[in-house]
Amino acid sequence: MRDAMIEYGGLRDLLRERGHEVPDGEPGGDALRDRPDRALVSAGLVGEAEMAEALAAYLGVPFAGTERFPAAPLEAGGATLSFLRQSRILPVEERADLLILAVADPLDRSALQAMELLVGKEIRLEVASPSDLDRAFDRLYGQGADTALAQQGEKAAATGEDGPAVRLLEDLVRTAISNRASDLHLEPSGAGLRLRYRIDGRLMELGARPPAYLTDMLVGRIKVLSGLNIAEKRLPQDGRASMSVAGRKIDIRVSTAPTLNGESVVLRLLDPERGPTDIERLGLAPPVAEALTAVLAAPHGMVLATGPTGSGKTTTLYAALRRLNLAERKIVTLEDPIEYRLDGVNQIQVNPRIGLGFANLLRSVLRHDPDVIMVGEIRDEETARLAVQAALTGHLVLSTLHTNDAPGAAARLMDMGIEPYLLSASLRAVLAQRLVRRLCPECGGKERVEEVAATRLGLPSGSEIGKAVGCPRCHQTGYRGRLVLSEIMPMDELLEAAIAGRADASRLRSVLDKDLSMLADARRRLLAGETTAGEVLAVLGGARA
């Protein structure tokens, strides 16, 4: 292995050869200067798994994938679980005179020297992904972990400390972040605490369940961090917390609810590095992104984003706000809740319990001389009418609406009571979007589209489209990450006339430019091998050519 020092230039060149965009200047502050690998991961430029493979190649040692991990735990000289887990050292092969370790940090000499003294034999290293190691510990040492935690819990009960709960929560959030989970669900049951992570829109369990005795301690720890009432277990509560994970701050939205077996807790993880970005980086279809950019250049009017919960509407609006956030503009947002903090933007939290609803706040905000207003969601006629009036009086208004597609938004507002002539004069565009899972780049394949799917999606018979396979990197799902399917309905003379004539959603869709439709975007994604027909049909339903 190379000397225990990593030169940024050499690591940068190696990563570039592997297809990563790495800057010439080293990211991170002075504290990370001696570890450019950590600086690149903390800056979000390279993923943990990709960095582990690159680090192994740089140091000249093997890379240990999940297939390298043992089926049962090894003795390894009797090393304690707490030491192995904390140091992220996993024994993967043991012989009479040799012990092979999979490690997250091959430069941690103190931990490796401790292992040498303990086992009294030659030690060889292999580099593994930290998150892969965490999952392996959960799988291999589930019973041992329970025993260790039980001992710590007895000590905590005697001393009045909550150490095990603190460490458990940190481990759970770290696992969620390393696996790109958007939410963490803690659900009590008769068999203990069930943990599920929402990854790419689907819930899955990772690792062993923690012991039942830790449930109340863990929920209490979460309540303390988020400022909730620890004693109140009969009513739902909502709060917010922050934690430092992998060198960066993670905002967490907390929601609790009483269930038959105890309090259920959901943590929404808001990672700034995965938060709102610029429009060009959202992954919208090129013609849709171009049309949206043109609409945002208008000085006034109303722009709506539609789609079901969790389809990325708020992220798109945040990206639009970043584009509009200039020194000469005053931007005010009304949100429930505020998900990400934007510098230079006046963000207001809606609180209906004290009379701060969307409609009341919108009336007040109009007296603050704003140029751009974002309304988190239009839920009723009063808010819709105020938003339309604001758009007609010289403000650019951005908001979201729950409809199935872009044409349905105009019909929904008319159903709310907005007069067609006001809507046609104020509406500038409606963007609709859905999220579908992206094929895993490691194992994704191709297959001929089935005739039924080809007919429903308007694809040529026999077309080659993406196929999900499954590998350890994607948890055997065949998918890793998500991409957006989008459509936009920018207003033109035909659409304005149709709305003024109170046209329904089907009539408006017939006028919509077919190249700007979500179905056209879905076809492009399928033929490019980015997703599968099953994913597209699941979100588009009765698609038609």
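The name an unreviewed UniProt entry assigns to the protein chain is GspE/PulE family protein, from the organism Nisaea acidiphila.

Let us look at the sheet that holds strand β9 (residues 262-270). Ordered in space as β6-β5-β4-β9-β8-β7, the six strands form an open sheet in which the pairing is antiparallel. Pairing within the sheet leaves two strands with one partner each, and these edge strands are β6 (202-204) and β7 (237-245). Strand-to-strand twist across the sheet, computed as the mean angle between neighbouring axes with direction ignored, equals 25 degrees. The pairing of strand β4 (residues 181-189) with β9 spans four bridges and is classified as antiparallel. Of the residues in β9, the one forming a bridge with Asp-183 is Arg-268. Relative to the sheet, helix α9 (residues 215-226) contacts β4, β5 (192-199), β7, β8 (248-259) and β9, its axis offset from that of β7 by approximately 90 degrees.

This brings us to the state of the cysteines. Here is the idea: a disulfide is a covalent bond, and it sits between the sulfur atoms of two cysteines. Tallied over the entire structure, the rule returns zero disulfides. Here Cys-474 is not disulfide-linked; the sulfur of Cys-471 is the nearest cysteine sulfur, at 3.7 Å. Classification of Cys-474 as buried rests on a relative accessible area of 2%.

Next up on the list: the packing of helix α19 (residues 518-527) against helix α20 (residues 533-540). Orientation of α19 relative to α20, taken along the N-to-C sense of each, is 165 degrees, at an axis distance of 10 Å. When the axis of α19 is compared with that of α20, the two are roughly antiparallel. Note on packing geometry: the crossing formed by α19 with α20 is right-handed. In contact with Met-518, Leu-519, Ala-522 and Leu-526 of α19, α20 contributes Ala-533, Val-536 and Leu-540.

One can expect most non-glycine residues to show negative phi and most peptide bonds to be in trans. Residues Asp-336 and Pro-337 are joined by a peptide bond in cis, for which omega reads -5 degrees. By the secondary structure assignment, Pro-337 is in the loop between β11 (331-335) and β12 (346-349). A positive phi angle, close to 60 degrees, is found at His-475, a residue other than glycine. Mapped onto the secondary structure, His-475 falls in the loop between β17 (464-467) and β18 (479-490).

Conventions and cut-offs
- Residues numbered from 1 in each chain as written.
- Predicted model: local features only at pLDDT ≥ 70, side-chain atom pairs only at ≥ 80, totals over all residues.
- Heavy atoms only, no water.
- Pairing = 2+ DSSP bridges.
- Helix = DSSP H or I, 4+ residues; strand = E, 2+ residues; numbered from the N terminus.
- Axes fitted to C-alpha atoms, helices over the stretch in contact; angles between N-to-C directions.
- Contact = heavy atoms within 4.5 Å.
- Disulfide = S-S within 2.5 Å.
- Buried < 20%, exposed > 50% of the residue type's maximum accessible area, 1.4 Å probe, protein only.
- Parallel < 35°, antiparallel > 145°, perpendicular 65-115°, else oblique.
- Left-handed = near helix turned anticlockwise from the far one by under 90°.

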